[in-house]
Amino acid sequence: MLPHTIGEIDPPQRLLMGPGPVNAHPRVLRAMAADLLGQFDPEMTSYMNEVMALYRPVFGTGNRWTFLVDGTARAGIEASLVSLVAPGDRVLVLNFGRFGLLLTEILARIGAEVETVDAPWGEVVPMDAVAAAIARFQPKVVATVHGDTSTTMAQPLDGLGDLCRAAGALSYVDATATIGGMEIAADRWGVDVVTGGLQKCLGGPSGSSPITISDRAAEAIFARRHVEEGIRRDDITDGTGIRIGSNYFDLAMIMDYWSEKRLNHHTEATTMLYGARECARVVLGEGLAPRYARHAAASQAMMAGIRAMGLTVFGDERYKMTNVTGIYIPEGVDGEAVRRRMREDFEIEIGSAFGPLQGKIWRIGAMGYNAMKHKILITLGALESVLRAEGYACPPGAAVDAALAAWNASLT
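Residues numbered from 1 in each chain as written. Predicted model: local features only at pLDDT ≥ 70, side-chain atom pairs only at ≥ 80, totals over all residues. Heavy atoms only, no water.

Undergrad: Just checking my understanding: could you explain the overall build of the chain for this structure?
TA: When you go through the chain residue by residue, the secondary structure sums to 14 helices and 13 strands. What you see for the chain is a C-alpha radius of gyration of 22 Å, in line with the 22 Å of a compact globule of 412 residues. Per-residue burial over the chain gives 57% buried out of 412 residues. Residue pairs in contact within the chain that sit at least 24 positions apart in sequence constitute 71% of those at least 6 positions apart. As displayed, the chain offers around 16500 Å² of accessible surface, 52% of which is attributable to carbon and sulfur atoms. Looking at charge distribution, the chain has the averaged site of its 38 positive side-chain charges lying 2 Å from that of its 47 negative ones. (Helix = DSSP H or I, 4+ residues; strand = E, 2+ residues; numbered from the N terminus. Rg over C-alpha atoms; globule rule 2.2 N^0.38 Å. Buried < 20%, exposed > 50% of the residue type's maximum accessible area, 1.4 Å probe, protein only. Contact = heavy atoms within 4.5 Å. Areas by Shrake-Rupley, 256 points an atom, 1.4 Å probe, with all protein chains shown as cover. Lys, Arg positive; Asp, Glu negative; His and termini not counted. Charge placed at Lys NZ, Arg CZ, Asp CG, Glu CD.)

Undergrad: Even after reading the chapter, I still don't get the sheet that holds strand β9 (residues 193–195), so can you show me in this structure?
TA: Sheet strands pair by backbone hydrogen bonding; their relative direction is either parallel or antiparallel. Sheet architecture is open: seven strands sit in the order β2-β10-β9-β8-β5-β3-β4, paired in mixed fashion. Here the strands that pair on one side only, and so sit at the sheet edges, are β2 (65–70) and β4 (113–118). Neighbour-to-neighbour, the strand axes of this sheet turn through a mean angle of 20°, independent of strand direction. In terms of strand pairing, strand β3 (residues 90–95) meets β4 through six bridges, oriented parallel. By the bridge assignment for β4, valine 93 is matched with threonine 116. Its contacts with the sheet place helix α2 (residues 42–59) against β2, β9 and β10 (208–213), and it is angled at close to 105° to β2. (Pairing = 2+ DSSP bridges. Axes fitted to C-alpha atoms, helices over the stretch in contact; angles between N-to-C directions.)

Undergrad: Sorry if this is basic, but what is going on with the pairing of strand β8 (residues 170–174) here?
TA: Looking down a regular strand, the side chains alternate between one sheet face and the other. The buried fraction of β8 is high, at five of five residues. A two-sided burial pattern is seen for β8, the buried positions comprising Leu170, Tyr172 and Asp174 on one face and Ser171 and Val173 on the other. In this structure, strand β5 (residues 141–145) lies alongside β8, joined through five bridges in parallel fashion. Counted as the bridge partner of valine 142 is serine 171 from β8. Summarising the sheet, β8 and β9 pair through three bridges and their orientation is parallel. Within β9, the position partnered with tyrosine 172 by the bridge is valine 193.

Undergrad: Even after reading the chapter, I still don't get the environment of serine 208, so can you show me in this structure?
TA: Considering the arrangement of structural elements, one finds serine 208 in strand β10. On a C-alpha basis, the gap between serine 208 and leucine 198 in space is 6.5 Å, while along the polypeptide they are ten residues apart. Apart from the residues within four sequence positions on either side, serine 208 is in contact with Leu68, Val69, Gly71, Thr72, Gly196, Gly197, Leu198, Met272 and Ala276.

Undergrad: Explain the nonpolar core here, please?
TA: Nonpolar side chains tend toward joint burial in soluble globular proteins. One finds Tyr55, Phe67, Ile213, Leu251 and Trp258 to be the most contacted residues of the largest nonpolar core, which totals 85 residues. Residues within four places of leucine 251 in sequence aside, it is in contact with Phe67, Val69, Ala79, Ser80, Ser83, Ile211, Ile213, Ile221 and Ile244. Membership of the second largest hydrophobic core comes to 34 residues, among which are Ala297, Met302, Val338 and Leu383. (Core = buried A, V, L, I, M, F, W, Y, C linked by side-chain atoms within 4.5 Å.)

Undergrad: Sorry if this is basic, but what is going on with the side chain of asparagine 370 here?
TA: As for its position among the elements, asparagine 370 is in the loop between β13 (361–365) and α13 (373–389). Its relative accessible area of 0% is what places asparagine 370 among the buried residues. Those residues in contact with asparagine 370 that lie beyond four places of it in its chain are Leu15, Leu16, Met17, Val22, Asn23 and Lys375.

Undergrad: Please clarify how the pattern of salt bridges should be interpreted in this entry.
TA: Opposite charge on two side chains lets them pair, provided their charged atoms get close. Using the criterion set out here, one finds 23 salt bridges in the structure. With a shortest N-O distance of 3.0 Å, aspartate 238 and arginine 232 are connected by a salt bridge. Taking the shortest distance from any N to any O, the salt bridge between aspartate 316 and arginine 318 comes out at 2.7 Å. Residue arginine 318 is classed as exposed on the basis of its relative accessible area, which comes to 66%. Through salt bridges with shared partners, a single network forms among Arg27, Glu278 and Arg281. (Salt bridge = Lys/Arg side-chain N within 4 Å of Asp/Glu carboxyl O.)

Undergrad: What am I meant to see in the packing of aromatic side chains here?
TA: By convention here, two paired aromatic rings are described through the distance between centres and the angle between planes. Applying the stated criterion across every chain yields a total of seven aromatic pairs. Seen in terms of ring centroids, phenylalanine 40 and tyrosine 257 are 6.2 Å apart; in terms of plane orientation they differ by 90°. Their pairing is edge-to-face. Here phenylalanine 40, found in the loop between α1 (26–31) and α2, pairs with tyrosine 257, found in helix α9 (residues 251–258); they are 217 residues apart in sequence, far enough to count as distant. Accessibility expressed as a relative area gives 0% for tyrosine 257, which makes it buried. Between phenylalanine 67 and tryptophan 258, the ring centres sit 5.9 Å apart and the planes meet at 35°, which makes this aromatic pair tilted. (Phe/Tyr/Trp six-rings, centres within 6.5 Å; stacked < 30°, edge-to-face > 60°.)

Undergrad: Help me out: how do you make sense of the side chain of asparagine 323 in this one?
TA: Tracing the chain through its elements places asparagine 323 in the loop between α11 (288–308) and β11 (324–328). With a relative accessible area of 1%, asparagine 323 lands in the buried category. Setting aside residues up to four positions removed in sequence, asparagine 323 forms contacts with Ala177, Met182, Cys201, His295, Ile364, Gly365, Ala366 and Met367.

See the structure below:
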């Protein structure tokens, strides 16, 4: 490939109805086109303070330490775990899908002693099983995903914080797939650290990870503070604990950067901060309750349309995420051929699956800027057309009619 043959980027205008990423809100993209600023410019640090204020209600918290970790959602996950957990620490992971397994992978790399409390894919972990595992294992940290897009399940978290605090454990929640679309209630849940990502219900691009940290967790993190030699200052003292095993993901130094100390840890990703700031403005401008209701209506409409085509929804619907729906691929239908036709004929992306569900289900997302009535109806109409072309008989028009009725009923 010769450099002079590479043209300007001109991606197809696809409707991204998979489990994420989704199409970014135009306001977010416009915000990201704004001029850059120096990281210590008073205007820039003012924007940083605004981001902190904007994300507190999104996380359902009053935590002072609410800010951004530069990097994709996984950056927030890894920063949290490497800053909370030292080699040899015991960590209990609630495992009900691919992203619970991801937590165990990261923790194993840290050198933690990990135990899981498991549920089959398509179910969630009962809280009494969590309580029993905490009592038996006595972990330092309990970690879980809130909504796991691999299984489309959302783990109930009321009471988790109380269990952890009673056992003297800290708690971590990965809310990448649910923040901005389902209620995140960090304070009510009593959990210590929650992280998210922009690319799903918040309606932005991947590349920034909002995070909130309780005072209790902040104290534990600052106890491990070891400022790098080249930026050491007299007003910032090291902790007495084991040094955090990553420089870039060292939350103690990142928190000092976001504080009035403005420690020069790294150059802030200015454009991503603009985008994250606008994501939160869009969410709060709509209102949290109406936004959650819109995502719930999208879920009901999607399920109604799927059933009207004679298809079956995957998983325990009592715990289904509102923004992603799993659908069993019918017998005799080539799931990848359907995805290809959706993309090539209709410019719509739907998701495949991982692990034990690979080749067995599709995953269709309706979240953020895409959790809209017309986008759901367009997707269902296209899926019906493709399924009929692939030899699967379904009633013409039934999916759109059922979805429209369910949407209207959900929002009345």
